[in-house]
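Observations on the three-dimensional arrangement
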Amino acid sequence: MDDIFFMRAALEEAMLAMSGGEIPVGAVLVYRGEIIGRGGNERSIKIMPFAHAEMTALSEAGKKIGSWRFDDCTLYVTLEPCPMCAGAIIQTRVSRVVYGARDPRAGAAGTLYDILRDPRMPHRCRVTSGVLGSECAELLQKFFRTRRAERHTGG
C-alpha cells in the first residue's frame, strides 16, 4: 500500500464532506497499513469551528485505539494543514504527514508556515507534499466555483 492509495481514501472523505455541503477536505490516519481514523470537514454540519478533516480523523483514531498518541502513524490529508491542525498533529505525535494541495492562505506544512518541521517544536513530522495534488486542488476549485455561481444566481 502506498501514498496514492491512502490519498485516494482521503479524497473519498473530501467528496463525502462536499456532498454534505462542506468544503471538500478529507483525511485518513494510517497505522501499519490500516486506516484507523477517517474524517472530512464537518464544521457546518456539527456547528463546531474545530471540526476540520484532520481533527475529525485524529479524534476517531483516538477513540478506536484508546490513545491520544499516534507515533508511527501517517496522516493523509487532501489540503495542507492549517496552523490549528498542525498544532494538533504535533501534540498527538503523528510521525508523517502527506498532503495533496498546497494552501497559500493558511498552509502550515511548508507553504506559509512550517510548524510541522519547526525545530523549536517538541515534536517534528516528516512531510510529503503534492500527492495527487492536482486532483485535490481540482476538487476544491470545483466546490468554490459552484458556490460562487450559486451566489450570483441566488441559488
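Summarised in this report is the structure supplied together with it. (Residues numbered from 1 in each chain as written. Predicted model: local features only at pLDDT ≥ 70, side-chain atom pairs only at ≥ 80, totals over all residues. Heavy atoms only, no water.)

Comments concerning the overall build of the protein chain
Operational definition: Per the convention used, a helix needs a DSSP run of H or I reaching at least four residues, while a strand needs a run of E reaching at least two, with both numbered from the N terminus. Each radius of gyration is computed over the set of C-alpha atoms, and the globule rule expresses the reference value as 2.2 Å times the number of residues to the power 0.38. Using a 1.4 Å probe on the protein chains alone, a residue whose accessible area is under 20% of its type maximum counts as buried, one over 50% counts as exposed, and one in between counts as partly exposed.
Along the protein chain, the regular secondary structure elements total five helices and five strands. In sequence order, the secondary structure elements of the protein chain are arranged as α-β-β-α-α-β-α-β-β-α. For the protein chain, the C-alpha radius of gyration of 15 Å lies close to 15 Å, the compact-globule estimate for 155 residues. For the protein chain, the spread of C-alpha atoms along the principal axes amounts to about 50 × 30 × 30 Å. For the protein chain, the proportion of its 155 residues judged to be buried stands at 47%.

Description of the pattern of salt bridges
Heads up, the condition is: The term salt bridge refers to a side-chain nitrogen of Lys or Arg lying within 4 Å of a carboxyl oxygen of Asp or Glu.
Counted by the stated rule, this structure contains eight salt bridges. Here Glu-34 ties to Lys-64 by a salt bridge, and the two come within 3.4 Å at their closest N and O atoms. Placement of Glu-34 in strand S2 (residues 34-40) and of Lys-64 in helix H3 (residues 53-65) is noted, with a sequence separation of 30 residues between them. What makes Glu-34 partly exposed here is its relative accessible area of 43%. The residue Arg-69 makes a salt bridge to Asp-71 at a minimum N-O spacing of 3.1 Å. Look at Asp-71 and you get partly exposed, because its relative accessible area is 34%.

Topic: the nonpolar core
Selection rule: Each nonpolar core is a collection of buried residues, namely Ala, Val, Leu, Ile, Met, Phe, Trp, Tyr and Cys, held together in the definition by side-chain atoms within 4.5 Å. Throughout, a residue-residue contact means that at least one pair of heavy atoms, one from each residue, lies within 4.5 Å.
Ranked by size, the top nonpolar core spans 43 residues in total, and within it Leu-29 and Leu-116 carry the most contacts. Mapped onto this core, the elements with two or more residues apiece are helix H1 (3-19), strand S1 (26-31), S2, H3, strand S3 (73-79), helix H4 (83-91), strand S4 (96-101) and helix H5 (133-153). Looking at this core, the element that brings in the most residues is H1, giving six residues. With near-sequence residues (within four places) excluded, Leu-116 lies in contact with Ala-86, Ile-89, Ile-90, Val-97, Ala-108, Ala-109, His-123, Arg-124, Cys-125 and Val-127.

Focus on H3
As a reminder of what qualifies: Helix span, expected: 1.5 Å multiplied by one less than the number of residues in the helix.
Between the first and last C-alpha of H3 there are 18 Å, a value that for 13 residues agrees with the 18 Å anticipated at 1.5 Å per step. Within H3 the residues assigned to the buried category are Ala-53, Glu-54, Thr-56, Ala-57, Leu-58, Ala-61 and Gly-62. Looking at the packing, one finds that the buried side of H3 touches S1, S2, S3 and H4. Where H3 ends, the next residue or the one after it, Gly-66, has phi of about 70 degrees, a positive value.

A few points about the packing of H3 against H4
The cut-off we apply is this: Axis geometry follows a simple rule: fit a line to the C-alpha atoms, using only the stretch in contact for helices, then measure angles between N-to-C directions, giving values from 0 to 180 degrees. The labels follow the angle: roughly parallel below 35 degrees, roughly antiparallel above 145, roughly perpendicular from 65 to 115, and oblique for the rest. Each crossing gets its handedness from the near helix: less than a right angle anticlockwise from the far helix is left-handed, clockwise is right-handed.
Interaxial distance between H3 and H4 falls to 9 Å at its minimum, and their mutual angle equals 25 degrees. What the angle tells us is that H3 and H4 run roughly parallel. Along this stretch, H3 crosses H4, giving a crossing that reads as left-handed. Along its contact with H3, which presents Glu-54, Met-55 and Leu-58, the element H4 presents Met-84, Cys-85, Ala-88 and Ile-89.

Geometry only, nothing functional implied.
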